[in-house]
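# Structural description and commentary
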Amino acid sequence: MSRSMLLRVGRALRGLWWLLDQSRRALVNLLLLALVIVLLRALVLAGGPSLASKTTLVVDPVGTLAEQRAEPGLRDTALQQLQGADGTVVRLRDFVAVLDTAARDDKVTQALLLLDDFAGAGVPTLREAAAALARFRAAGKKVYAWGSGFDQRQYFLAAGADEIWLHPMGQVVFEGFGGWRNYYKDALERIGVRANVVRAGKYKNAAEPFSASAPSAATLEADGALYRSLWASWIDAVQKARKLSAGSVMRYIDGLPQALPAAGGRPAQLALQAGLVDGLKTRDEMRALLAERGARDEARKTFRQVSLGEYLERVEPRRGGDAVGIVVAQGTIGDGRAPPGRIGGLSTAELIREARNDERIKALVLRVNSPGGSAFGSELVRRELELTRAAGKPVVVSMGDVAASGGYWIGMAADEIIADEATVTGSIGVIGMLPTAKGTLDKLDVHTGGVTTTWLRGAYDPRRELDPRFEALVASTIDALYQDFVGLVAVQRKRTPQQIDAVAQGRVWSGRDALGHGLVDRLGSFDDAVHSAAQRARMGQPPRLAWVEVEPARWERWRRRLGIDARTALGIEPPLPVAATALGLAPAPLAGELLRDLDWLGEMAERRQPYAAAAHCLCRAP
């Protein structure tokens with residue numbers, strides 16, 4: 001090798017070494033910086049000064065209240081943005097832990113509910129949060145609520161306060177439950193798409209938006225009964241909390257056209273007259289009153305306070321000893337593994353198996369908040385609960401906002417099923433949907449052709465007409481799955497298949513109605529489920545809780561500790577608001593609903609096992 005060549009090789013190696021050395025230094029520096037930030041954060045939180053006396057706990061949830069923080073992919077994030085939501089979640093267990101701990105803290109003497117940024121939750125979840133507020137008040141501490149306005153989700157929590165204050169330019173808005181759904185049959189046919197829906201159950205309407213142009217009589221019947229039951233539950237809770245006479249809420253709503261002009265067109269004054277709020281106060285007036293009733297923070301020129309997030313860092317969970325295991329089943333059910341916020345047939349079954357094999361866990365509570373999904377995935381979870389009972393560990397299912405269809409299926413093997421009176425449940429039925437788009441391709445003059453060795457190869461290809469023999473196979477499978485579903489419910493509920501079939505047929509029920517039809521054992525809260533599980537396992541009260549969950553990835557743990565948004569850090573945040581505005585499609589519930597529905601239609605078309613029908617309910621907690 002020539003001297004010049006050796007020199008060039010040497011320079012290249014030195015350059016490579018320099019690049020590697022700089023990369024190593026940068027990586028080490030980043031790790032050291034992250035470590036320093038974590039240590040400083042820990043020192044501030046753990047070693048910081050204790051709370052001063054007469055501190056006000058500011059309960060200021062941002063986003064929705066849910067059982068679990070989801071880890072959405074980019075597609076989920078896109079859908080959230082088009083619905084005008086940012087996906088921020090406050091865990092219900094954290095909300096409850098803060099209030100229960102603060103109730104025992106002598107330094108905390110009162111609480112302020114600030115709900116302007118609260119995006120709500122289903123009534124069962126709101127009821128759990130309201131119960132924590134009631135326990136705080138039972139400890140002899142006052143709760144005040146202030147808002148620039150209250151919608152009915154925010155007001156449900158505010159109603160549990162000792163006093164509610166509204167901004168003089170604010171309003172209290174109750175709209176009730178229900179609404180309108182998009183129906184796409186005519187639009188799909190116009191572009192050459194057919195939904196090809198096969199179902200078992202008169203009321204099983206999960207695919208109806210794609211196969212009909214309007215709601216069926218059965219859908220209107222079932223949805224009407226459901227919403228009336230849920231609305232009655234909401235009204236009853238609010239009127240009791242505010243000590244309003246029966247019928248007050250509906251009189252307020254029905255009388256708005258006459259009452260608001262009589263109040264000078266001032267909604268806040270009308271809410272005060274109706275007894276929905278106790279006073280009209282600006283934010284500065286609210287701060288001054290809380291400083292008077294609590295203590296003044298001279299340095300910050302406001303009342304002495306600690307926020308929900310700050311106080312959460314001070315909450316120490318119980319450790320060691322026997323426990324009731326908690327597995328959260330939240331979201332749509334799939335066959336395989338799924339991140340938090342979704343249910344994977346395999347991954348959720350593994351969590352249940354982990355709890356079963358843990359000697360410190362003496363009983364299990366499955367907390368369900370799911371509209372269903374894969375029938376196969378649902379059965380994987382149900383079977384693990386069955387095995388857990390067979391191993392001698394009691395199993396109690398606690399139903400949250402929604403536990404319908406597959407969300408009902410997964411809990412059938414429990415010793416006891418406890419639902420909230422406003423849980424959306426039932427929907428015992430099965431559907432299959434095999435969308436095809438041959439008409440679309442024809443309109444584009446795109447044609448398909450080829451050779452197969454059997455009729456089954458390509459019998460379902462979205463580019464071609466659906467083979468009627470294949471459709472018959474799917475219908476047979478769905479009928480069999482429905483019979484299995486009904487049979488499993490009948491065995492577990494100690495009824496005949498005929499009795500269950502009469503209340504099944506894919507119909508959704510409120511928790512209260514489900515109790516009347518024998519589909520749940522009793523009405524109650526998550527705490528009631530924990531108490532029952534501990535009692536069945538002959539444990540002391542209250543038991544330690546062990547949350548059995550998928551551990552977040554190492555990067556996700558660091559991200560949460562440092563408060564970094566992963567998509568922003570990586571520069572891959574989907575710029576949907578900008579794009580939507582440029583196209584004249586500003587983020588709105590309508591656009592979000594459209595994309596969510598079509599996204600589900602696409603998922604059904606992509607299913608690799610069309611025999612595996614869905615136990616799914618297109619229902620959400622109001």
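## Looking at the overall build of the chain
- In terms of helices and strands, the chain carries 25 helices and 25 strands.
- Within the chain, the fraction of its 622 residues that count as buried is 47%.
- Here the contacts in the chain between residues at least 6 apart in sequence split such that 76% fall between residues at least 24 apart.
- When the accessible surface of the chain is summed, it comes to about 30,700 Å², and 56% of that surface belongs to carbon and sulfur atoms.

## Structural notes on empty space enclosed by the protein
- The full count for this structure, using the stated rule, is 3 cavities of 30 Å³ or more.
- Looking at the largest cavity, its volume works out to about 110 Å³.
- When residues of the lining of the largest cavity are assigned to their parent elements, the largest contribution, 3 residues, is made by helix H14 (residues 345–357).
- The residue makeup of the lining of the largest cavity, split by class, is 7 nonpolar, 3 polar and 2 charged.

## Some remarks on the sheet that holds strand E3 (residues 89–91)
- Strand order in the open sheet made by the 3 strands is E3-E2-E5, with parallel pairing throughout. Sheet topology places E3 and strand E5 (118–120) at the edges, where each strand pairs with a single neighbour. Taking the axes of each pair of neighbouring strands and ignoring which way they run, one obtains an average angle of 40° across the sheet.
- Pairing of strand E2 (residues 63–66) with E3 involves 3 bridges; the strand directions are parallel. Within E3, the position partnered with Leu65 by the bridge is Val90.

## Looking at the sheet that holds strand E12 (residues 305–307)
- On the basis of which strands lie adjacent, the open sheet formed by 6 strands has the order E9-E7-E6-E4-E1-E12 and parallel pairing. The open sheet has two free edges, formed respectively by strand E9 (279–280) and E12, since each of these has just one partner strand.
- Relative to strand E7 (residues 163–166), strand E6 (residues 142–147) runs parallel, the two sharing 4 bridges. Within E7, the position partnered with Trp146 by the bridge is Trp165.

## Thoughts on a nonpolar patch on the surface
- A cluster of nonpolar side chains, Trp455, Leu456 and Leu473, forms an exposed patch at the surface whose accessible area comes to about 250 Å².
- With respect to the helices, strands and loops of the structure, Trp455 is situated in the loop between helix H17 (438–443) and helix H18 (468–493).
- Classification of Trp455 as partly exposed rests on a relative accessible area of 36%.

## Observations concerning the nonpolar core
- Formed by 64 residues in total, the largest nonpolar core has its most connected members in Leu57, Tyr155, Val172, Phe174, Trp234 and Tyr311.
- When residues in this core are grouped by element, the largest group, 7 residues, is from helix H3 (residues 92–103).
- Apart from the residues within four sequence positions on either side, Phe174 is in contact with Gln152, Tyr155, Trp231, Trp234, Val249, Tyr252, Ile253 and Leu276.
- Core analysis: the next-biggest nonpolar cluster, separate from the first, contains 54 residues, Ala329, Val368, Ala413 and Ala514 among them.

## Topic: the packing of aromatic side chains
- By the definition in use, this model includes 12 aromatic pairs.
- In textbook terms, an aromatic cluster arises when at least three aromatic residues are bridged by ring pairs, as seen for Phe150, Tyr155, Phe156, Phe174, Phe177, Trp231, Trp234 and Tyr252.
- Of note, Arg93 hangs over the ring of Trp547, and the distance from its end group to the ring centre comes to 3.8 Å.
- Between the NZ or CZ atom of Arg507 and the centre of the ring of Tyr203, over which it lies, the distance is 5.2 Å.

## Brief notes about the pairing of strand E24 (residues 544–547)
- On E24, burial follows the alternation: Arg544 and Ala546 on one face are buried, whereas Leu545 and Trp547 on the facing-out side are not.
- Bridge count for strand E13 (residues 323–330) against E24 is 4 bridges, and the pairing is parallel. Residue pairing in the sheet places Val324 in a bridge with Leu545 of E24.

## Description of the confidence of the model for the chain
- The pLDDT averaged across the chain works out to 86; a share of 79% of its residues lies at or above 70.
- The model gives residues 43–48 a pLDDT under 50, and that stretch makes 3 contacts with residues more than four places away or in other chains.
- Note on residues 74–85: pLDDT is under 50 here. Beyond four places in sequence and across chains, it has 33 contacts.

So, how was this worked out
Residues numbered from 1 in each chain as written. Predicted model: local features only at pLDDT ≥ 70, side-chain atom pairs only at ≥ 80, totals over all residues. Heavy atoms only, no water. Helix = DSSP H or I, 4+ residues; strand = E, 2+ residues; numbered from the N terminus. Buried < 20%, exposed > 50% of the residue type's maximum accessible area, 1.4 Å probe, protein only. Contact = heavy atoms within 4.5 Å. Areas by Shrake-Rupley, 256 points an atom, 1.4 Å probe, with all protein chains shown as cover. 1 Å grid on protein atoms, 1.4 Å probe; cavity = no way out; pocket = protein on both sides within 12 Å on 5 of 7 lines; lining within 4 Å. Points joined across faces, edges and corners; volume = space filled by probe spheres on them. Nonpolar A, V, L, I, M, F, W, Y, C, P; charged D, E, K, R; others polar. Pairing = 2+ DSSP bridges. Axes fitted to C-alpha atoms, helices over the stretch in contact; angles between N-to-C directions. Patch = residues over 30% accessible without salt bridge, like charges linked within 9 Å, V, L, I, M, F, W, Y side chains within 5 Å. Salt bridge = Lys/Arg side-chain N within 4 Å of Asp/Glu carboxyl O. Core = buried A, V, L, I, M, F, W, Y, C linked by side-chain atoms within 4.5 Å. Phe/Tyr/Trp six-rings, centres within 6.5 Å; stacked < 30°, edge-to-face > 60°. Lys NZ or Arg CZ within 6 Å of the ring centre and 35° of its normal. pLDDT = per-residue confidence, 0-100.

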